[in-house]
Amino acid sequence: MQLLDGNKIAATIKQGIVDGVNALREEHGITPGLAVIIVGEDPASKVYVGRKHKACEETGVYSEVIKLPAETTEEELLSTLDCLNQNDKINGILVQLPLPKHINTERILDQIRPDKDVDGFHPLNVGNLGIGREGLVPCTPNGVIKMLEISGISLEGKRAVVIGRSNIVGKPMANLLLSRNATVNICHSRTKDLAAVCREADILVAAIGKPNFVTPDMVKPGAIVIDVGINRVDNKLVGDVDFGSVKEVAGAITPVPGGVGPLTIVMLLFNTLKATKLQLGLPESC
Ligand code: GUN
């Protein structure tokens, strides 16, 4: 069994980003900038936003964290986004989710300039991914793809099963796997005989937010098991996969924490660098 070490893989990608940021500064006098907006006091969101800010500092990306009170109105948030859309120092914009219930999340995400949408949640970027034009792609599923690539796991012709159909992970994950020529199924809460579908998978991605949901009877011996879940149980982080028992069956597996999580943050920086180049009209390789 191969343990897929997210921290190690993220460090490799991060070095590439540091090099890219330095090159952009030296050759074009530009520092990529990321703005993260957080509305309210959700404790998990605060932790995630803090990590994003720290990762910017570590890679030389300019970072602005905009903290707004929970009672911020939709109109106020929309006008904050208008300012950031026009701010030349800011190349990437992320609105931390979930937003307070009185705010219409769709309306907010639609307001982000698509070429600054480092989350890849704007309908234009979602549509582009659906037709195989990968521009700004959601960070977590893109991180899973990078992890598989760097670990030398090929997707061509493989059976891939994604558990979960969220817009943040499940659906973009399925599209990315499909565009790499995997044969893809998406399972969800209404799927009949979910365990049997999962047992077909050479690559099984769990993204349903249910602690320890995936058990060994759902895993083909030797399968690659990717756990996107972050669940808090008794103040401990656990994934969607019952790691202790599934690792005995899997060919490779990601731990929680230390698996997909570190990739998500690094892919946000990757997208910020990519967005900056898009805005400057530079090819991605520069
Ligand atoms: N909250 C949990 N995951 C995410 C994410 O990928 N992006 C944003 N903006 N908020 C999140």
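Above: the structure in question.
Residues numbered from 1 in each chain as written. Predicted model: local features only at pLDDT ≥ 70, side-chain atom pairs only at ≥ 80, totals over all residues. Heavy atoms only, no water.

Caption draft 1: Highlighting the pairing of strand β3 (residues 62-68). With seven bridges joining them, strand β2 (residues 33-39) and β3 adopt parallel strand pairing. The residue bridging I37 from the neighbouring strand is I66, located in β3. (Pairing = 2+ DSSP bridges. Helix = DSSP H or I, 4+ residues; strand = E, 2+ residues; numbered from the N terminus.)

Caption draft 2: The site of the ligand, seen in detail. Close to the ligand lie L94, V95, Q96, L97, D119, F121 and I168, which account for all nearby residues. Contact between the ligand and Q96: a nitrogen atom at 3.3 Å from a side-chain N or O atom of the residue. L97 has a polar backbone atom sitting 2.9 Å from a nitrogen atom of the ligand. Within the complex, 78% of the 280 Å² of free accessible area of the ligand lies under protein. When its residues are assigned to classes, the shell around the ligand shows five nonpolar, one polar and one charged. (Near = heavy atom within 4 Å. Polar contact = N/O pair within 3.5 Å; in protein donor to acceptor, adjacent residues only side chain to side chain. Areas by Shrake-Rupley, 256 points an atom, 1.4 Å probe, with all protein chains shown as cover. Nonpolar A, V, L, I, M, F, W, Y, C, P; charged D, E, K, R; others polar.)

Caption draft 3: Representation of helix α7 (residues 170-179) in the model. Of the residues making up α7, those classed as buried are G170, P172, M173, A174, L176 and L177. Packed against the buried residues of α7 are α5 (123-130), α6 (139-150), β5 (159-163), β6 (183-187) and β7 (203-206). N181, located one to two residues past α7, shows a positive phi value of around 70°. (Buried < 20%, exposed > 50% of the residue type's maximum accessible area, 1.4 Å probe, protein only. Contact = heavy atoms within 4.5 Å.)

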